[in-house]
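Given next are the chains, with one letter for each unit.
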Amino acid sequence: MLQGIFIIMAFYFLGECCSWLLNGFVPGSVLGMLLLFIALLCRWIKPGLVKPVADFLGNNMAFFFLPAGVGIITSLDILSKYWDVVLVVGIVTTLLVLIVVASLQQWQEEHGRSRSKGKNIN
Amino acid sequence: MGDPAQKERILIDNTKMQTILFSEVFIITLVCGVYLCTVWLYRKTKLALLHPLLVSIPVLIGVMQMLDLPYDTFREGSRIINFLLGPAVVALGYKLWEQAEYLKRHAVSILTSVFVGSVVGIVSVICIARWMGADHVLIATLEPKSVTTPIAMDVAEKAGGIPAIAAVIVIVVGIFGGIVGPFVLNKLNIDSKIARGLSLGACAHGLGTARAMELGALEGAISGLAIGLMGLMTAILVPIIEWIIS
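Because the structure is predicted, anything quoted here is derived from the model rather than measured.

Draft legend 1. Highlighting helix α10 (residues 163-187) of chain B. With 25 residues, α10 of chain B ought to run about 36 Å at 1.5 Å a step, and its terminal C-alpha atoms sit 35 Å apart, in line with that. Asn-189 of chain B lies just past α10 of chain B and shows a positive phi near 55°.

Draft legend 2. Representation of unusual backbone geometry in the model. Backbone geometry places Arg-43 of chain A, a non-glycine residue, at a positive phi of 60°. Assignment of secondary structure puts Arg-43 of chain A in the loop between α2 (28-41) and α3 (47-59). Given 8 C-beta atoms within 10 Å, Arg-43 of chain A falls into the exposed group. The phi dihedral of Asp-68 of chain B falls on the positive side, at around 60°, and the residue is not glycine. Mapped onto the secondary structure, Asp-68 of chain B falls in the loop between α3 (52-66) and α4 (71-77). Among the residues examined, Asp-68 of chain B registers 11 C-beta atoms within 10 Å and is labelled exposed.

Draft legend 3. Structural detail: the domain arrangement of chain B. You can read the domains of chain B as domain 1 (4-83) and domain 2 (91-245). For domain 1 of chain B versus domain 2 of chain B, the separation of C-alpha centres amounts to 31 Å.

Draft legend 4. Representation of the environment of Val-63 of chain B. All names here are of chain B. Take Val-63: it is sitting in helix α3. By C-beta crowding, Val-63 is classed as partly exposed, having 15 other C-beta atoms within 10 Å. Separated by 29 residues in sequence, Val-63 and Val-34 have C-alpha atoms that sit 9.8 Å apart.

Criteria and cut-off values
- Residues numbered from 1 in each chain as written.
- Chains lettered and ligands numbered in written order.
- Predicted model: local features only at pLDDT ≥ 70, side-chain atom pairs only at ≥ 80, totals over all residues.
- Helix = DSSP H or I, 4+ residues; strand = E, 2+ residues; numbered from the N terminus.
- Expected span 1.5 Å × (residues − 1).
- Buried ≥ 20, exposed ≤ 12 C-beta atoms within 10 Å, placed from the backbone.
- Domains from an automatic or database assignment.

And the structure:
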């Protein structure tokens, strides 16, 4: 367990270093995720060491958002000033992104599948 | 009753009480406890509207008001929980590795979908916000609303928006997308696990991923990848689209 915590924190730190080099363009946590993925693919670290910690963190992600969620109360006055735009833009564009990405991905998968099937027949 | 000494003792008792209730130990216990109760409620009722996130936040705010717990004290006390968001994102790298086979097979389609999603997200924000008469500052604040908080704050600032408001909008949008997303996907008969995970991560970042984890391991991992891709593409595309439009 402790080894897993060390590996995750070390990659988080590596990610933060890269993020600093990139002027904070991409957050360190996202870069850390990609670096950990690459390290596992290259078999630089044993997956079994990370698994228990990764499962704990990954399966409880909603919990870690609670402090940020409660933080909404500090901005209620600003939000209420622009509530109409935020509400309409938030709902419409979020659904739009969801639907576009999901349908496009599913369509590409079905399209690709039928194409490779056709190749097999030929 | 009117004895000043007694009054003073009550006052001291109150401050004593406050030092216990305003401590980190109490706040972390409170957040864990409230969250576990709401998870239990969610599992019992199986009502999506009673999602732990949606119930926990108002309950915590209510408890804070009841105890006169200032927000700054709460934020200080719950810092460890907030900090763990970072390692939780890093840990998605492991989840991603578990699904490496799927990724290799679908790399091109995933990149295409997220790219189109990112363009649609930015352009639709600009169009709708302009149509509603929003000023440039508000539009720039809204543009990155589908990406993870640190990227969103940075993108909003560079485009001329207000980072602090961007952060709040990102959380609000994420909660909405995470709660409503799976319903919409079911209604549209999206049964590809990659499409489900990818779209949740693309529209609702970490909160979408939290929800995708509930749907399955593959959905969760792909959703984590979508956070990174969507963040990267939006960060690159916002300045380009702003430049084209102006």
